[in-house]
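# Structural overview
Listed below are the residues making up each chain.
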Amino acid sequence: MFENIRLAFQGIWSHKMRSFLTMLGIIIGIAAIIAIVATITGTNEEIKNKLVGSGNNTVNVKLSQGGYDYTIYSGDEIPWGIPAVTQETKDKILELDEVESVTTYSSRYLYDGVYYGTASVSSLMIMGVDTSYFSTCSYRMKSGRGFDQEDYDLYRKVLIIDDVAAKGLFKKENPLGKTVEISGTPFTVIGVVKKQSDFEPEISSIEDYYTYASDSNGLLFIPKASWPIVYSYDEPENVVIRARSTDDMTQAGQKTAKILNATITNSETNIKYRAEDLLGQAQQLQDLSNATNMQLVWIAGISLLVGGIGVMNIMLVSVTERISEIGLKKAIGARKGTILAQFLTEAAVLTSLGGLLGVAAGAGAAQVIHKVSGVAVGVSVPAAVIAVVFSTVIGVVFGFLPSVQAANLDPIEALRRE
Amino acid sequence: MILKLDHIYKDYIQGKMVVPVLKDVSLHVEEGEYVAIMGPSGSGKSTLMNIVGCLDRPTSGTYELAGQNVLNQDDKAMAHIRLHNLGFVFQNFQLLPRQSALENVCLPLVYAGVKKKERVARASEALTRVGLEERMYFKPTQLSGGQKQRVAIARAMVNRPKILLADEPTGALDSKSSTQLMELFEQLNREGVTIIMITHAPEIAAYAKRVVDIFDGEISERKGDSDEG
Ligand SMILES: Nc1ncnc2c1ncn2[C@@H]1O[C@H](COP(=O)(O)OP(=O)(O)O)[C@@H](O)[C@H]1O
Ligand SMILES: [Mg+2]
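Notes on the structure in this doc start here.

## Some points on the overall build of chain B
Along the backbone of chain B there are seven helices and ten strands. Counting across all 229 residues of chain B, residues that qualify as buried make up 53%. Long-range pairs, those at least 24 residues apart, make up 68% of the contacts in chain B between residues at least 6 apart in sequence. Of the roughly 10,600 Å² that chain B leaves accessible, carbon and sulfur atoms contribute 49%.

## Structural notes on the environment of S226 of chain A
All names here are of chain A. Structurally, S226 is set in the loop between β11 (219-223) and α8 (227-230). For S226, a relative accessible area of 0% puts it in the buried group. Distance from S226 to Y155, taken between C-alpha atoms, is 5.1 Å for residues 71 residues apart in sequence. If we skip the residues at most four places from it in the chain, S226 touches Y155, R156 and F187. One polar contact links the side chain of S226 to the main-chain carbonyl oxygen of R156, over a distance of 2.6 Å.

## Description of the environment of T292 of chain A
Residues and elements named next belong to chain A. Counting through the fold element by element, T292 comes out in helix α10 (residues 278-321). Judged by relative accessible area, which is 48%, T292 ranks as partly exposed. Taking C-alpha positions, T292 is 9.7 Å from I40, a pair spaced 252 residues apart along the chain.

## Re the sheet that holds strand β5 (residues 68-69) of chain B
All names here are of chain B. If you walk across this open sheet you meet the four strands as β2-β1-β4-β5, and the pairing is antiparallel. Of all the strands in the sheet, just β2 (17-29) and β5 have a single pairing partner and so form its edges. Strand direction decides the pairing type here: strand β4 (residues 60-65) and β5, joined by two bridges, are antiparallel. Directly across from E64, in β5, lies its bridge partner N69. Of the strands in this sheet, β1 (3-14), β2 and β4 are in contact with helix α1 (residues 45-52), which crosses β1 at around 125°.

## Looking at the sheet that holds strand β6 (residues 86-90) of chain B
Residues and elements named next belong to chain B. Across the sheet, six strands lie side by side as β6-β7-β8-β3-β9-β10; this open sheet has mixed pairing. Strands with a single pairing partner mark the edges of an open sheet, and in this sheet they are β6 and β10 (218-222). In this sheet, adjacent strand axes meet at a mean angle of 20° when their direction is disregarded. Where strand β9 (residues 210-215) meets β10, five bridges bridge the pair, whose relative direction is antiparallel. Note on β10: the bridge partner recorded for I214 is I219. Strands in contact with α1 are β3 (34-38), β6, β7 (163-167), β8 (194-199), β9 and β10; relative to β8, the strand with the most contacts, it is inclined by about 155°. On top of the sheet, helix α5 (residues 145-157) reaches β6 and β7; it is set at about 165° to β6, its chief contact.

What counts and how
- Residues numbered from 1 in each chain as written.
- Chains lettered and ligands numbered in written order.
- Predicted model: local features only at pLDDT ≥ 70, side-chain atom pairs only at ≥ 80, totals over all residues.
- Heavy atoms only, no water.
- Helix = DSSP H or I, 4+ residues; strand = E, 2+ residues; numbered from the N terminus.
- Buried < 20%, exposed > 50% of the residue type's maximum accessible area, 1.4 Å probe, protein only.
- Contact = heavy atoms within 4.5 Å.
- Areas by Shrake-Rupley, 256 points an atom, 1.4 Å probe, with all protein chains shown as cover.
- Polar contact = N/O pair within 3.5 Å; in protein donor to acceptor, adjacent residues only side chain to side chain.
- Pairing = 2+ DSSP bridges.
- Axes fitted to C-alpha atoms, helices over the stretch in contact; angles between N-to-C directions.

Any functional reading would require information beyond the geometric quantities listed.
So, in structure tokens, the structure goes:
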């Protein structure tokens, strides 16, 4: 066997140009597949990271009605039988294995807007949050401070705004210490926050993007304790949980929704808690991009087929060229199987080498794609291993016919030729 | 008796014609004999040699090699016989051009499953015996005709077969190389190797102890004059 491999390398080396041209089909095919798979892997990782929030693992469990988020608009009547989330319910959620932390908030969608001096901004979301909100949802303080325990204990009218709202309301002014009027009540801005991961929903084809679309004019946060100053007690709340791992997100969300739905006593409105399944959405998007890319893999497969036929062709030529060598080997005692193994090894070594070069070329091409178009790529080791094994198989399959022909050569005929 | 061929017929089919090439050939060879087969071109010498060499099967007849009927053996067994019991030398040497002399001689040992270290030792020994210890790593293109044929003999003898079959071994050699080769054959024969050699040159046939003539597929023993040349 080793002897065969050594001889195969010797043969390939002594016909460098021919061997390279023979391998070219395999090299191109494998390179194309490696590059495509690298792009698929990269894109999938990117989709997952972008959509799921790069390891942030938060899941929104929101009230929904008829499949859409249930939003309370300023001036709406508050539905009965959907109580605020009690500490007891929160503890129950925290007991779930998949859940790391939990936070709840009341919210209002403000059409009529908030005022700062003469400036006003409408279509904002205002939220009454508890102390764990900013840490659970991965916000970063841009300036100022967060809420502290005193803010809650003393029912302070303090306000934290996000960078979008800050820009809308204050333009270039420093928002800290300024007073903003919300539904007639003055609140003092104590901090500006920003979402930690720069989440930019590039793929807007999914209908569920309303989640992010609603952020567009900015967010206002006030301490939950101060919420009844502007609105009322015991309003329905939405929940955000942080799962222990990305893979736990779906489970964590569903279990939390179930616990919360058990607290709803109003069945007339058809309002229910629903966990958004970002992981599932990511999966959908990945499936979509996989489907398009798989077509490219088929095209690369055709290149491999052509490469394989090229190998077969050269092997047939090689057998014809070496008829007297084969005859001699048989005369001095080589069995059919020995000759068969020799030629199969030669074909397999040739295509495996092509496969290796193809993997290298494909990895290089993936890097070029990355540099030129900015698409994320990830060359996967299993794909590379499979590619090389596959090219070995191609060698064996397409080398089979020529090898059988060599093995069945009549030694007398072979020796007779000059 | 090491070789016992009786009533061998060999026909070739050419189109619709049956061409008889060997006609009732019987040849008995004792162990240690040195036989030359002489005959004009096309008389059937190579055809006979291929049958003796287990490369081909006769149309009819019987063939025993060292007491064993070889004609009812399968291809695998025939290959085994060629590997261990027979050594071949051809007119055009038939060396693998890209392999060194040593690698060429190693080849039958590879087929016999001998380990690398022992292969090299035995092949070097065989090359030393034919006087090529200094050219073991030469490629065939770097060797003269006589040297190439000696490599071929080393290869034929490396598995220590009892029988050496040579089809016109001096056909491509000058007279000096031919003489050297014949001395090597005589030495091998003295050591007990049975040699069957095809030639159409009388001065080469003269080295053999026994000469068999073949003419138009029929064989006839030449008596008593082999030593006179
Ligand atoms: N495969 C074959 N098919 C048809 N005829 C053949 C074949 N091999 C040999 N012959 C014929 O058999 C005869 C003897 O050939 P061969 O044994 O090679 O002769 P020699 O070796 O004595 O020169 C020749 O006439 C040759 O044409
Ligand atoms: Mg001949």
